[in-house]
Amino acid sequence: MSHRTESSDTPAKISYQGEPGANSHLAAREAYPDLEPVAYPTFEDALSAVKSGETRYAMIPIENSVAGRVADIHYLLPDAGLYIVAEHFLRVRHQLMATEDASLETIKRVMSHTQALGQCRTTLRRLGLKPVPEADTAGSARLVAERNDPTTAAIASRLAAEIYGLKILKSDMEDETHNTTRFVILAKDPDDAEPGNGLVMTTFLFRVRNVPAALYKALGGFATNSVNMTKLESYQEEGTFNATMFFADIEGHPVDRSVQLALEELSFFSTQITIFGTYPASPFRKEAAELAASGQIPLKRSS
């Protein structure tokens, strides 16, 4: 499903990390078909492009339904000076690809991003192939094309196979058929969703006070006010091993009375709260919940 594209003085472009053919490239084309996707080597570069005005948005993967956390957005957002304005879910399909003279019998090793290799771990083991971690999926496809070695393959998207002229040896390599990556879209200026216009998500970071049971007490307001927290991750800061920083997603708008009360209680037990954006919830959330409730999501592929 494509997202709305705001009129802006910035170029009609959207930045992503990776190389042409990466899953982030696919997500950018799917969510914003009217914007030109532009590749950058690192997440920091993709975010800086928005800050400097080179691109209007950045498409950043944040978590995967199989492999968990993708980008350390927790570390990047506080210093990026950007705001989350939307989210997008991409159904990820991994293709095993190699040069024209290669086959399943000739390949011995497979290159790809660590996340992609992890999402295809069982299938790779069954085929007897050695995983070789690389910087990203599309970059691995490019390397396979450049090396022209029939013993080496890559796991990447179908778009990457087209771009780099590779042959797909096996389609849909992912172990779980629900393999989905969640992306957040960041902009230079806030563009918060209007309250009372459907389900919205609010993303924020907070630091709890260094007192006993601070986290338990800080989160109590969300439970007592029936605010659904869909994501909560802790991480260390500045080389310490005290997990006092937390990154969270909740359902609801800060102007909602229940969310106001929950955030107010959170503030009593926190030294810092930073809201990064309030944005429309993706329709995928409702669809996934309905499928899960009906038992229609198969967790693993049959061997």
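The preceding data block contains the structure.
Let us look at the structure shown here. None of the values given here were measured: they were computed from a predicted structure.

**Re the overall build of the chain**
Part 1: On a plain count of helices and strands, the chain comes out with 10 helices and 15 strands.
Part 2: Expected size for 303 residues packed as a compact globule is a radius of gyration near 19 Å; at 21 Å, the chain falls within 12% of this value.
Part 3: With the principal axes as the frame, the chain shows a C-alpha extent of 65 × 45 × 45 Å.
Part 4: Considering only intrachain contacts with a sequence separation of at least 6, the fraction spanning at least 24 residues in the chain is 76%.
Part 5: Each charge class in the chain was averaged separately, 30 positive and 39 negative side chains, and the resulting centres sit 6 Å apart.

**So, the pattern of salt bridges**
Part 1: All told, the structure shown has 11 salt bridges when counted by the stated rule.
Part 2: Among the salt bridges present, the one from Glu233 reaches Lys231, with a minimum N-O distance of 2.6 Å. For the pair formed by Glu233 and Lys231, the shared burial category is buried.
Part 3: Linked by salt bridges that have partners in common, Glu63, Arg69, Glu87, Arg182, Lys231, Glu233, Asp249 and Arg285 make up one network.

**Describing the sheet that holds strand β14 (residues 245-251)**
Part 1: Spatially, the four strands line up as an open sheet ordered β13-β14-β12-β15, and their pairing is antiparallel. Of all the strands in the sheet, just β13 (229-235) and β15 (270-280) have a single pairing partner and so form its edges. Recorded for the sheet is a direction-independent mean angle of 15 degrees between the axes of neighbouring strands.
Part 2: As judged from the seven bridges shared by strand β12 (residues 200-208) and β14, these two strands associate in the antiparallel manner. Following the sheet pairing, Phe204 is matched in β14 by Ala248.

**Remarks on the packing of aromatic side chains**
Part 1: Scanning all chains against the criterion turns up seven aromatic pairs.
Part 2: Considering the side-chain rings of Phe89 and Phe284, the 4.7 Å spacing of their centres and the 20 degrees angle between planes classify their relative orientation as stacked. With Phe89 in strand β5 (residues 83-91) and Phe284 in helix α10 (residues 283-294), this residue pair connects regions lying 195 residues apart in the sequence.
Part 3: What makes Phe284 partly exposed here is its relative accessible area of 29%.

**Thoughts on helix α8 (residues 214-224)**
Part 1: Listing the buried residues of α8 in full gives Ala214, Ala218, Gly220, Gly221 and Phe222.
Part 2: Elements in contact with the buried residues of α8: β12, β13, β14 and α9 (257-268).
Part 3: With its phi angle positive at about 55 degrees, Ser226 sits one or two positions after the end of α8.

**Observations concerning the environment of Leu166**
Part 1: By the element assignment, Leu166 lies in the loop between α7 (158-164) and β10 (167-170).
Part 2: By relative accessible area, Leu166 is classed as buried at 9%.
Part 3: Spatially, the C-alpha atoms of Leu166 and Glu233 are 39 Å apart, while their sequence positions differ by 67 residues.
Part 4: Beyond its immediate sequence surroundings of up to four residues, Leu166 is in contact with Met97, Ala98, Thr99, Ala141, Val144, Ala145 and Ala161.

**Notes on the side chain of Glu174**
Part 1: Structurally, Glu174 is set in the loop between β10 and β11 (180-187).
Part 2: At 3.3 Å, the side chain of Glu174 forms a polar contact with the side chain of Arg91.

**Regarding the sheet that holds strand β7 (residues 109-113)**
Part 1: Strands sit in the order β8-β7-β9-β6-β10 across an open sheet of five strands; the sheet is mixed. One side of each edge strand has no neighbouring strand; the edge strands of this open sheet are β8 (130-134) and β10. Sheet twist, expressed as the mean angle between neighbouring strand axes with direction ignored, is 40 degrees.
Part 2: As judged from the three bridges shared by strand β6 (residues 95-98) and strand β9 (residues 152-156), these two strands associate in the antiparallel manner. Counted as the bridge partner of Leu96 is Ile155 from β9.
Part 3: Where helix α6 (residues 137-147) meets the sheet, it contacts β6, β7, β8 and β9, and its direction lies at approximately 155 degrees from that of β9.

**Points about the nonpolar core**
Soluble globular proteins: nonpolar side chains tend toward being buried together.
Part 1: Leu47, Ile60, Leu77, Ile84 and Leu186 are the most contacted members of the largest nonpolar core, which has 27 residues in total.
Part 2: Elements that contribute at least two residues to this core include exactly β2 (36-40), α2 (43-52), β3 (57-64), α3 (73-80), β11, β12, β14 and β15.
Part 3: Counting residues per element, this core draws most heavily on α2, which supplies five residues.
Part 4: Excluding residues within four positions of it along the chain, Leu186 makes contact with Leu47, Val50, Arg56, Tyr57, Ala58, Ile60, Leu77, Leu82, Tyr83 and Ile84.
Part 5: Residues Tyr32, Leu90, Ile185 and Ala187 belong to the second largest nonpolar core, which totals 15 residues.

**Focus: the environment of Arg285**
Part 1: Along the chain, Arg285 turns up in helix α10.
Part 2: Spatially, the C-alpha atom of Arg285 lies 10.0 Å from that of His88, the residues being 197 residues apart in sequence.
Part 3: Aside from chain neighbours lying at most four places away, what touches Arg285 is Glu87, Phe89, Arg182, Met201 and Thr230.

Cut-offs used in this document
Residues numbered from 1 in each chain as written. Predicted model: local features only at pLDDT ≥ 70, side-chain atom pairs only at ≥ 80, totals over all residues. Heavy atoms only, no water. Helix = DSSP H or I, 4+ residues; strand = E, 2+ residues; numbered from the N terminus. Rg over C-alpha atoms; globule rule 2.2 N^0.38 Å. Contact = heavy atoms within 4.5 Å. Lys, Arg positive; Asp, Glu negative; His and termini not counted. Charge placed at Lys NZ, Arg CZ, Asp CG, Glu CD. Salt bridge = Lys/Arg side-chain N within 4 Å of Asp/Glu carboxyl O. Buried < 20%, exposed > 50% of the residue type's maximum accessible area, 1.4 Å probe, protein only. Pairing = 2+ DSSP bridges. Axes fitted to C-alpha atoms, helices over the stretch in contact; angles between N-to-C directions. Phe/Tyr/Trp six-rings, centres within 6.5 Å; stacked < 30°, edge-to-face > 60°. Polar contact = N/O pair within 3.5 Å; in protein donor to acceptor, adjacent residues only side chain to side chain. Core = buried A, V, L, I, M, F, W, Y, C linked by side-chain atoms within 4.5 Å.

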